There are 2 protein chains.
Amino acid sequence: MNRRSFVAAGAAAAPVLAAPAIAQTLNPEVRWRMQSSFGRNLDILFFGAEQISKRVAELTDNRFQIRAFPAGEIAPALQVLDAVQNGTIECGQTPLYWYIGKDPALTFFTSIPFGGNFRQQGAWMKRGGGNELCSEMLREFNCVGFLLGDTGTQMGGWFRNEIRSLSDLNGLKFRIAGMGGQVFQRLGASPALIAGADVYPALERGTIDAAEWVGPHDDEKLGFNRVARFYYAPGFWEPCARGHMVINQRAWDPLPDAYKTAIQVACAEVELEMVARYDAANPVALRRLVGGGAQLRAWPREVMQAAWRVGHELMEENASKNARFKRIWDSYRPFRDDQFQWFRLADSAYDAFAFSAAAR
Amino acid sequence: MNRRSFVAAGAAAAPVLAAPAIAQTLNPEVRWRMQSSFGRNLDILFFGAEQISKRVAELTDNRFQIRAFPAGEIAPALQVLDAVQNGTIECGQTPLYWYIGKDPALTFFTSIPFGGNFRQQGAWMKRGGGNELCSEMLREFNCVGFLLGDTGTQMGGWFRNEIRSLSDLNGLKFRIAGMGGQVFQRLGASPALIAGADVYPALERGTIDAAEWVGPHDDEKLGFNRVARFYYAPGFWEPCARGHMVINQRAWDPLPDAYKTAIQVACAEVELEMVARYDAANPVALRRLVGGGAQLRAWPREVMQAAWRVGHELMEENASKNARFKRIWDSYRPFRDDQFQWFRLADSAYDAFAFSAAAR
């Protein structure tokens with residue numbers, strides 16, 4: 001990476017990199033570029049990058065400035081990790097499960113099919129060893145990373161035709177992210193990972209038959225409802241979807257401690273604020289979508305059950321082929337099972353009663 | 001409040017209060033005291049105060065120091081808001097629903113019976129107008145406030161005797177927080193609000209017949225399982241429980257902007273980190289409690305249904321007597337109902353399927 005892009009011009013620049021202890025006292029001026037994997041039209045996702053920029057500047061009296069760029073302005077949406085790794089940009093916003101082609105174990109740090117929900121994923125990352133395992137992997141990409149936002153449980157996507165049984169998935173061309181694609185492949189479908197901006201044209205042209213993105217708020221913006229009518233729930237392959245802020249290690253290392261902490265707390269704020277924005281926006285968008293003709297459907301039970309089975313087979317097969325995948329799955333699975341059991345007792349029992357009582 | 005406690009001795013102290021613009025450049029040394037409503041033994045709750053202290057110091061190169069005190073060291077646990085209001089301490093950690101005796105509308109900012117869960121409460125506070133309504137009320141207490149941590153859906157508490165029907169609640173002396181006490185009063189019980197440290201002795205002596213606190217991790221530390229055997233779920237009067245950091249307005253106003261932001265982002269970090277700690281710790285504690293003889297029980301359906309009814313009556317009655325309560329309830333209820341409906345479609349449908357599939 002180009003060091004000039006890290007420290008802005010000025011008298012203090014040279015000693016800053018040489019002597020971090022002095023840098024800390026001097027509060028050096030630092031300028032970074034952060035590219036998001038998302039465009040400005042995906043306002044809640046892109047808010048993640050913008051808020052980091054805003055908060056870090058506020059916390060450092062504008063001495064540490066991170067400029068947020070939308071997807072594609074510097075690097076392609078699906079190659080943000082690569083751009084950070086090779087130092088084209090100091091940092092980026094991206095979901096790590098978009099890079100399972102590099103190593104399938106990266107999926108654990110975003111979500112896995114039938115994995116933990118928003119809170120359970122957070123508990124594993126923060127208190128179950130997830131963040132440490134993620135750091136270990138990111139180090140090999142010359143990066144450090146912090147959790148940055150979540151969508152909550154996603155919707156299952158938009159389908160031109162109704163899915164009445166497992167056999168309706170046969171040959172279906174489906175835009176889908178992460179390991180969910182591999183689950184659907186085992187169920188007979190033909191999955192493809194396509195970046196946000198390119199999904200609508202593919203669906204509109206008929207290159208694909210179905211597409212999942214996030215949920216009502218985002219999906220409405222991308223216009224899927226205009227070309228596919230059946231809206232399925234839930235997105236069982238994305239019971240949550242944690243984003244990451246990834247940072248080039250050589251940009252990170254010389255930062256004063258206070259700047260490092262500024263990034264971490266700003267990321268933490270976004271982690272919760274983003275899902276709050278989705279939760280507030282989704283019911284409103286859903287009402288408009290349904291008013292406009294969207295047909296809500298729950299997955300047929302046989303699809304859910306078959307997906308549960310092949311999803312777990314997929315995890316076990318990956319574990320048998322990849323020692324690190326196994327090590328992470330051996331951490332994730334018992335933690336998840338404990339979470340599932342505990343949540344049934346209080347949180348989920350409450351939700352089930354209250355949500356249905358309010359509907360009566 | 002005593003101004004000397006706000007700005008530490010030093011040459012910069014006097015101009016700092018007079019001219020905040022200069023203060024910002026000078027990064028003034030500031031020393032605050034923060035008392036928690038919780039003791040050190042309630043480690044996850046007290047972590048909230050400690051983490052604010054740690055993060056704010058890190059973000060300001062140790063120039064802004066907030067010392068965290070456990071409950072009772074300066075003010076009683078149930079009077080933290082009073083101590084901040086009158087300037088005995090600059091700030092505190094406390095749940096606002098402990099002060100519904102001052103104004104019942106304060107309950108909305110912690111939780112209400114059959115209110116939103118962790119995410120839904122967050123969505124209303126951040127994006128549905130809750131934080132603004134809360135600020136308006138806190139201003140009358142000479143305070144500003146920020147969300148600080150949550151427990152997730154709480155357990156329903158420990159009972160010496162099994163509750164088989166609504167009539168078993170008659171005359172029951174029950175330690176319970178917030179408006180939940182009023183719900184149980186209408187169901188025939190005799191509720192009492194007692195601070196954490198005093199609950200065990202009351203239960204042990206038989207002054208009360210039952211007690212709810214938070215959930216497995218905290219309850220085990222308080223030892224309730226040693227004197228009551230039946231452990232009920234869920235705590236429908238606390239589907240979440242947001243804490244607050246409350247700050248004396250006169251301490252807050254002169255802070256440099258960067259220090260104000262430091263407090264806000266540190267609070268946001270705690271808001272999510274605390275529930276992750278509870279989620280990670282609760283299943284482990286629950287296993288020990290059950291291994292030690294605790295008997296898990298779900299509330300009889302007639303108790304839940306009667307509580308739903310009287311809980312809503314209570315809200316409506318408060319709204320009819322208190323214009324601000326009405327204004328807040330008119331904001332909260334439709335937002336909650338939208339949340340409930342939306343969560344049934346994706347999050348709750350996922351949880352229900354996955355949690356039960358894993359148990360098979």
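Naming follows an unreviewed UniProt entry, where chain A appears as TRAP transporter substrate-binding protein of Craurococcus roseus.

Turning our attention to the overall build of chain A. Across its full length, chain A carries 14 helices and eleven strands. Overall size of chain A, expressed as C-alpha extent along the three principal axes, is 70 × 40 × 40 Å. Among the 360 residues that make up chain A, the fraction classed as buried is 63%. A sequence separation of at least 24 residues applies to 77% of the contacts in chain A between residues at least 6 apart. About 12400 Å² of surface is accessible on chain A, with carbon and sulfur atoms providing 47% of the total. Of the charged side chains in chain A, 40 are positive and 38 negative; the average position of the first set lies 1 Å away from that of the second.

On to the pattern of salt bridges. Residues and elements named next belong to chain A. In the structure shown here, the tally under the stated rule is 56 salt bridges over all chains. A salt bridge links Arg164 to Glu162, with the nearest nitrogen and oxygen atoms 3.1 Å apart. The salt bridge involving Arg297 is made with Glu162; its shortest N-O contact spans 2.6 Å. Pair noted here: Arg297 is in strand E11 (residues 295–298) and Glu162 is in the loop between strand E5 (157–159) and strand E6 (173–175), with a separation of 135 residues, a long-range link.

Here Ser356 of chain B shows up in helix H15 (residues 347–359). Measuring from C-alpha to C-alpha, the distance between Ser356 of chain B and Phe47 of chain B comes to 33 Å, with 309 residues separating the pair along the chain. Those residues in contact with Ser356 of chain B that lie beyond four places of it in its chain are Arg344 of chain A together with Asp351 of chain B.

Through backbone hydrogen bonds, the strands of a sheet pair up, either in parallel or in antiparallel fashion. All names here are of chain B. Spatial strand order, E7-E6-E8-E5-E9-E11: six strands in an open sheet with mixed pairing. Both outer strands of the open sheet, strand E7 (190–192) and strand E11 (295–298), are each paired with one neighbouring strand and no more. The sheet contact formed by strand E5 (residues 157–159) and strand E8 (residues 210–211) spans two bridges and is antiparallel. Paired with Phe159 across the two strands is Ala210, which belongs to E8.

Each side of the interface is counted separately: chain B has 72 residues, and chain A has 72 residues. Buried surface at the junction of chain B and chain A, summed over both partners, amounts to about 6500 Å²; 66% is from carbon and sulfur atoms. Considering only the side of chain B, the residues that lose the most area to chain A are Tyr350, Phe353 and Phe355 of chain B, jointly responsible for 12% of the buried surface there. On the surface where chain B and chain A come into contact, there are four salt bridges. Here Arg119 of chain B makes a salt bridge to Asp279 of chain A, at a shortest N to O gap of 2.8 Å. At the boundary of chain B with chain A, the tally comes to 16 residue pairs in polar contact (both at pLDDT 80 or more). When contributions to the side of chain B that touches chain A are tallied by element, the ones reaching two or more residues are helix H4 (43–59), helix H6 (118–127), helix H12 (257–291), helix H13 (301–321), helix H14 (323–345) and H15 of chain B.

Residue and element names in this part refer to chain B. Burial within strand E10 (residues 244–248) is extensive, with five of its five residues counted as buried. Both faces of E10 are covered, namely the face carrying His244, Val246 and Asn248 and the face carrying Met245 and Ile247. As judged from the four bridges shared by strand E3 (residues 91–94) and E10, these two strands associate in the antiparallel manner. Note that in E10 the partner of Cys91 across the bridge is Ile247. Judged from the five bridges that link them, strand E4 (residues 143–147) and E10 form a sheet pairing that is antiparallel. Directly across from Leu147, in E10, lies its bridge partner His244.

A complete count under the given rule lists 66 aromatic pairs over all chains for this structure. Site record: aromatic cluster; members linked through ring pairs are Phe114, Phe159, Phe174, Phe184, Tyr232, Phe236, Trp237, Trp299 and Trp308 of chain A together with Tyr350 and Phe353 of chain B. Cation over ring: Arg277 of chain A sits above Phe47 of chain A, and NZ or CZ is 3.8 Å from the ring centre.

Residue and element names in this part refer to chain A. Its location among the elements puts Glu212 in the loop between strand E8 (210–211) and helix H9 (216–222). For Glu212, a relative accessible area of 0% corresponds to the buried category. Only 3.0 Å separates the side chain of Glu212 from the backbone nitrogen of Ala177, close enough to count as a polar contact. Ignoring anything within four residues of it in the chain, the contact list for Glu212 reads Gln154, Met155, Gly156, Gly157, Phe174, Arg175, Ile176, Ala177, Trp237 and Glu238.

Conventions used here
- Residues numbered from 1 in each chain as written.
- Chains lettered and ligands numbered in written order.
- Predicted model: local features only at pLDDT ≥ 70, side-chain atom pairs only at ≥ 80, totals over all residues.
- Heavy atoms only, no water.
- Helix = DSSP H or I, 4+ residues; strand = E, 2+ residues; numbered from the N terminus.
- Buried < 20%, exposed > 50% of the residue type's maximum accessible area, 1.4 Å probe, protein only.
- Contact = heavy atoms within 4.5 Å.
- Areas by Shrake-Rupley, 256 points an atom, 1.4 Å probe, with all protein chains shown as cover.
- Lys, Arg positive; Asp, Glu negative; His and termini not counted.
- Charge placed at Lys NZ, Arg CZ, Asp CG, Glu CD.
- Salt bridge = Lys/Arg side-chain N within 4 Å of Asp/Glu carboxyl O.
- Pairing = 2+ DSSP bridges.
- Buried area = accessible area lost by both parts, 1.4 Å probe.
- Polar contact = N/O pair within 3.5 Å; in protein donor to acceptor, adjacent residues only side chain to side chain.
- Phe/Tyr/Trp six-rings, centres within 6.5 Å; stacked < 30°, edge-to-face > 60°.
- Lys NZ or Arg CZ within 6 Å of the ring centre and 35° of its normal.

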